[in-house]
Protein chains: 2
Amino acid sequence: MNSVVYTRLTDNLHMLQYRDYETKYFEGLWHIPEGVTYNSFVLETNEGLVVFDTWKRSLGKLYVDEFSKHFDVKDIKYLVTHHMEPDHSGSIPYLLASNPNMIVLGHVLSKGMIESFYQVKPGFNAVKDGETLKLGGFTIKFIHTPWLHWPETIMSYIEEEGALLTCDAFGSYGIPSKAYYDELSPEERTGFTRYMAKYFANIIGHFRDWVVKNVEKLSQLNMKISTILPAHGVLYRGGDVAGVVEKYKRLGVGEPISGKTVIVYSSMYGFVEDIVNLMIEHLEKNNIKPVIHGFTDKKWSDISEIIADVYQAENLIIATATYEAKTFPIMKHVSELIIEKTPVNKNILIIALYGWGGKAGSELEELFTRHGFRNLDVIEFRAGQHQAVWGQLKDRLSKIVRGNG
Amino acid sequence: MNSVVYTRLTDNLHMLQYRDYETKYFEGLWHIPEGVTYNSFVLETNEGLVVFDTWKRSLGKLYVDEFSKHFDVKDIKYLVTHHMEPDHSGSIPYLLASNPNMIVLGHVLSKGMIESFYQVKPGFNAVKDGETLKLGGFTIKFIHTPWLHWPETIMSYIEEEGALLTCDAFGSYGIPSKAYYDELSPEERTGFTRYMAKYFANIIGHFRDWVVKNVEKLSQLNMKISTILPAHGVLYRGGDVAGVVEKYKRLGVGEPISGKTVIVYSSMYGFVEDIVNLMIEHLEKNNIKPVIHGFTDKKWSDISEIIADVYQAENLIIATATYEAKTFPIMKHVSELIIEKTPVNKNILIIALYGWGGKAGSELEELFTRHGFRNLDVIEFRAGQHQAVWGQLKDRLSKIVRGNG
């Protein structure tokens, strides 16, 4: 597996991509067996190079080595930091060490971060929203896109290339076999649609309102975007541009996939699993194929996948054991992440089982309600009673079944 | 690997042990690569068999098959359920199916649980605290030991055998090569000391005050205990009995291991890890070898091990990243488990780093303080500033270093 890929995108625009197969938990938090890439872009002009974002800190030396195979670091005139998250800004100090004269361009907030994070004091020009830079026949417009997903996030639009460099926005997990989405097989495209939604839910989900605002803002700028170049994953061009913007809008507003039903459960000894199996059977009889994520003594689901699935769910069923008179700990953790990351517009059915005392149901109900989730239903009973409460439970499921009718 | 082991402990007392190598997460929560056993005991009398606890539900058929190799299920007169957690009670319905006449003995609360969990209605006699049963020349005394770790927990003392059957109390994770602790090699004994402490912290830690009360109660009963027979892990006899009771008392009162220092950290991009490495170096120079647990993009520590280590720690350093203006999620989860499971008498130093806004430090401080942790110190700063704050930080570490002097 070749980890470093150089791609000449156009005569003047280049990509240095690192394919990261080693990172197991993105941000130290999200399990990504599919890997991730860091895409750094270089604009070559006859007045010098402009670099847009870099790779993460531990790859700093490799980045400079790879860069030097294609360009001279001394020719860098500007380095644009779209945001200061270290997976993109981490190699900046390595470039600066080889070329202290380059000027860093970014949001005014980035100055303090770069100085603190990397103990460097580069020449820094803060760019205003809408400001343009002209260099060697190219016009670069900077657009403030706050909270995608840090406060200082900006994008760059290279007019003559029709290229919008979007940093984390429009980014995806996964390591594409080719640079552009239109070069991928249908199967790989399906994979990347999922990886984008997963990345969105995990990383940007909390700031989805800002996605809507910023996509709206971009659409009013009358740019002629022919390529969207995110800093993670696959690139988009031509006819795919409108499609990915549309997908992103839908993710931003939190539009659920119609009928999508997700069951997340924890089972200590199999009692919760028994009732989950009853529900699956009932739902499937009614032509609903739920997505199942469980925490049992044999297997734990990936929380990164749970958040991705729940983000786009119309219906969420949480079935949990009670633990020391509280919610089963990992289910509380997952519930808090669901609250932080996913839209409130879904139907939620909470099923709580207990051995010697019920509490998880009311605890989760309070937690979700306090955070604006309104369509809640709760049913709580002692382990083993699932046949006795099955009638009640089927009533509660009827909302999901009807919704699918 | 033979999963089922039958051991004749004495002329009349037998053990049926299942060695569980498959359960990855005990209780669906605690990672146990070391495995676990379920120990069921059978007392053979000339008036019938008394069974004490069984195996978990999914092993029910296997349990009856194994039982039948050595005894006749129809000869079971009494089945004692020390507590109703399904890893011990799960095979009861399978025994009942073969012998509906056996009488279940247990705490009065167990009746409702057995009927609910397994949809059976066996003959049930509630045993009072201190009540004795005489059968075929044996005297069995039942002792209520509430909240070890369920409300209905009892123990049995077989007078003529000097055997105290303790269910989860004195239990350990791990699969011993021999039945008794005194049969193990020194290395394996060290392992089981750890497995007992880990099991204690994970499973019983929340109820440690009840351990103290119940051990005190046991010691006042003037029993002549020659063997302690827990339902998980290794057994104790002879000279080891006093030792394990002493160990258990110390765990119950939450006595820390002198000088034990644990660092638990999360690092998204390596900044927290940088400061952790500085601290390790400083502590080691001062002859303190901290135990390190981290959550990074490459590796996550086992929470089961963290809780075991923190339980006996004198000093705990929590170093965390800030995430979306809150505590890094997995560190909040771990902190909540530390609060639920471990004693409040430790020194805690909280180190919180942030990129664009600090909050984790005050959030964790509030969380620990609210739950009775008093010896807290907090230091919060922007990523990259560890050299600048190192003087301050060294001051805070001096408490740990001095404590070791």
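Note: the structure precedes this text.
Everything numeric here is computed off the predicted structure, so don't read it as measured data.

Student: Lay out the overall build of chain A with the relevant residues and their values.
Tutor: Helix and strand counts for chain A come out as twelve helices and 21 strands. In terms of overall dimensions, chain A is globule-like: its C-alpha atoms have a radius of gyration of 24 Å, near the 22 Å expected for 405 residues. With the principal axes as the frame, chain A shows a C-alpha extent of 80 × 40 × 40 Å. Evaluated residue by residue, chain A yields a buried proportion of 63% over its 405 residues. Within chain A, contacts between residues separated by at least 24 positions form 69% of all contacts whose residues are at least 6 apart in sequence. Mean positive and mean negative side-chain charge positions of chain A (43 and 49 charges, respectively) differ by 3 Å.

Student: Hey, could you go over the interface of chain A and chain B for me, with residue numbers and the actual values?
Tutor: On the side of chain B, 56 residues touch chain A, which itself brings 56 residues to the contact. A per-residue breakdown of the area chain A buries against chain B is headed by A:Tyr269, A:Glu324 and A:Trp356, which together make up 15% of the total. Here A:Asp297 ties to B:Lys56 by a salt bridge, and the two come within 3.2 Å at their closest N and O atoms. Scanning the region where chain A abuts chain B turns up 36 residue pairs in polar contact (both at pLDDT 80 or more). Only α2 (86–89), α4 (108–118), α5 (186–204), α8 (271–285) and α10 (329–341) of chain A provide two or more residues apiece to the side of chain A that touches chain B. When grouped by side-chain class, the residues that make up the side of chain A that touches chain B number 24 nonpolar, 14 polar and 18 charged.

Student: Help me get a handle on the pairing of strand β16 (residues 261–266) of chain A, residues and values and all.
Tutor: Residue and element names in this part refer to chain A. In terms of burial, β16 is largely enclosed, as six of its six residues are buried. In β16, alternate side chains face the same way, and those of Thr261, Ile263 and Tyr265 on one face and Val262, Val264 and Ser266 on the other are all buried. Alignment of β16 against strand β18 (residues 315–323), held across five bridges, turns out to be parallel. By the bridge assignment for β18, Ile263 is matched with Ile317. Pairing geometry for β16 and strand β17 (residues 291–295), over five bridges, is parallel. If you follow Ile263 over to β17, its bridge partner there is Ile292.

Student: An account of the side chain of A:Thr261 is requested, with residue identities and associated values reported.
Tutor: Residues and elements named next belong to chain A. Note on placement: Thr261 falls in strand β16. For Thr261, a relative accessible area of 1% puts it in the buried group. Here Asn315 takes part through its side chain, which lies 3.1 Å from a polar atom of the side chain of Thr261.

Student: Which residues make up the packing of aromatic side chains, and what values do they have?
Tutor: Within this structure, the stated rule accounts for 47 aromatic pairs over all chains. Judged by centre distance (5.0 Å) and plane angle (75°), the ring pair of A:Trp55 and A:Tyr63 falls under edge-to-face. When its relative accessible area of 0% is taken as the criterion, A:Trp55 is described as buried. Given the relative accessible area of 0%, A:Tyr63 is considered buried. Across from the ring centre of B:Phe271, 4.6 Å away, lies the NZ or CZ of A:Arg57, which sits over that ring. Lying over the aromatic face of B:Tyr181, B:Arg189 brings its terminal NZ or CZ to 5.6 Å of the ring centre.

Student: Before we move on, can you summarise the side chain of A:Ser301 with the specific residues and values?
Tutor: All names here are of chain A. Assignment of secondary structure puts Ser301 in the loop between β17 and α9 (303–311). Judged by relative accessible area, Ser301 falls into the buried class, the value being 12%. Among residues more than four places away in sequence, those in contact with Ser301 are His293, Gly294, Phe295 and Ile306.

Student: Break down helix α7 (residues 239–253) of chain B for me, citing the residues and quoting the values.
Tutor: All names here are of chain B. With 15 residues, α7 extends 23 Å between its outermost C-alpha atoms, agreeing within 8% with the 21 Å of an ideal straight helix rising 1.5 Å per residue. Considered for burial, the residues of α7 that qualify are Val241, Val244, Tyr248, Leu251 and Gly252. Down the axis, α7 shows its buried residues gathered within 100° of arc, on one side only. In this structure, α7 carries Gly239, Ala242 and Val253 as exposed residues pointing more than 90 degrees from its buried face. Those residues of α7 that are buried lie in contact with α5 (186–204), α6 (208–219), β14 (227–230), β15 (236–237) and α9 (303–311). One or two steps after α7, the chain reaches Gly254, where phi turns positive at roughly 75°.

Student: Please provide a residue-by-residue account of the pattern of salt bridges, values included.
Tutor: Overall, the coordinates contain 48 salt bridges over all chains when judged by the stated rule. Of the charged contacts, one joins A:Glu34 and A:Lys198 as a salt bridge, the two residues approaching to 2.8 Å between their closest N and O atoms. Of the two residues, A:Glu34 sits in the loop between β4 (30–31) and β5 (36–45) while A:Lys198 sits in helix α5, which places them 164 residues apart along the sequence. Across the pair, A:Lys198 and A:Glu34 agree in class, each one buried. The salt bridge involving B:Lys56 is made with B:Asp20; its shortest N-O contact spans 3.4 Å. With B:Lys56 in the loop between β6 (48–52) and α1 (60–70) and B:Asp20 in strand β2 (residues 13–20), the pair connects residues that are 36 residues apart, well separated along the chain. B:Lys56 gets classed as buried once you look at its relative accessible area, which sits at 10%. One salt-bridge network, held together by shared partners, links A:Glu34, A:Arg194, A:Lys198, A:Lys260, A:Glu305 and A:Asp309.

Student: Outline unusual backbone geometry, listing residues and values.
Tutor: Glycine aside, a negative phi is what most residues show, and trans is what most peptide bonds show. All names here are of chain A. Of note, the bond from Leu148 into His149 is cis; its omega dihedral lies within 30 degrees of zero at 0°. Within the element layout of this structure, His149 appears in the loop between β11 (138–144) and β12 (154–158). A positive phi angle, close to 65°, is found at Asn287, a residue other than glycine. Relative to the elements of secondary structure, Asn287 occurs in the loop between α8 and β17. A positive phi is found at Ala325, a non-glycine position, where the angle reads about 65°. With respect to the helices and strands, Ala325 occurs in the loop between β18 and β19 (326–327).

Student: Describe the environment of B:Tyr311, naming the residues involved and giving the relevant values.
Tutor: Residues and elements named next belong to chain B. Within the secondary structure, Tyr311 is located in helix α9. Spatially, the C-alpha atoms of Tyr311 and Leu251 are 8.5 Å apart, while their sequence positions differ by 60 residues. The residues touching Tyr311, leaving out its near neighbours within four places in the chain, are Phe200, Ala201, Gly205, Arg208, Leu251, Gly252, Gly254, Lys341, Thr342 and Pro343. Among the polar contacts listed, one links the side chain of Tyr311 to the backbone oxygen of Leu251, at a separation of 2.7 Å.

Student: Lay out the sheet that holds strand β5 (residues 36–45) of chain B in plain terms, naming residues and giving numbers.
Tutor: Residues and elements named next belong to chain B. Spatial ordering of the open sheet is given by β1-β2-β5-β6-β7-β8-β9, a layout of seven strands whose pairing is mixed. If you trace the sheet from one side to the other, it starts and ends with β1 (4–8) and β9 (123–126), each paired once. Neighbour to neighbour, the strand axes of the sheet diverge by 20° on average, direction disregarded. Judged from the five bridges that link them, β1 and β2 form a sheet pairing that is antiparallel. Each bridged residue has a counterpart across the sheet, and for Val4 the counterpart in β2 is Tyr18. Lying over the sheet, α1 contacts β1, β2, β5, β6 and β7 (76–80), oriented at roughly 145° with respect to β2.

Reading guide: rules and limits
- Residues numbered from 1 in each chain as written.
- Chains lettered and ligands numbered in written order.
- Predicted model: local features only at pLDDT ≥ 70, side-chain atom pairs only at ≥ 80, totals over all residues.
- Heavy atoms only, no water.
- Helix = DSSP H or I, 4+ residues; strand = E, 2+ residues; numbered from the N terminus.
- Rg over C-alpha atoms; globule rule 2.2 N^0.38 Å.
- Buried < 20%, exposed > 50% of the residue type's maximum accessible area, 1.4 Å probe, protein only.
- Contact = heavy atoms within 4.5 Å.
- Lys, Arg positive; Asp, Glu negative; His and termini not counted.
- Charge placed at Lys NZ, Arg CZ, Asp CG, Glu CD.
- Buried area = accessible area lost by both parts, 1.4 Å probe.
- Salt bridge = Lys/Arg side-chain N within 4 Å of Asp/Glu carboxyl O.
- Polar contact = N/O pair within 3.5 Å; in protein donor to acceptor, adjacent residues only side chain to side chain.
- Nonpolar A, V, L, I, M, F, W, Y, C, P; charged D, E, K, R; others polar.
- Pairing = 2+ DSSP bridges.
- Phe/Tyr/Trp six-rings, centres within 6.5 Å; stacked < 30°, edge-to-face > 60°.
- Lys NZ or Arg CZ within 6 Å of the ring centre and 35° of its normal.
- Expected span 1.5 Å × (residues − 1).
- Arc of directions from axis to C-beta.
- Axes fitted to C-alpha atoms, helices over the stretch in contact; angles between N-to-C directions.

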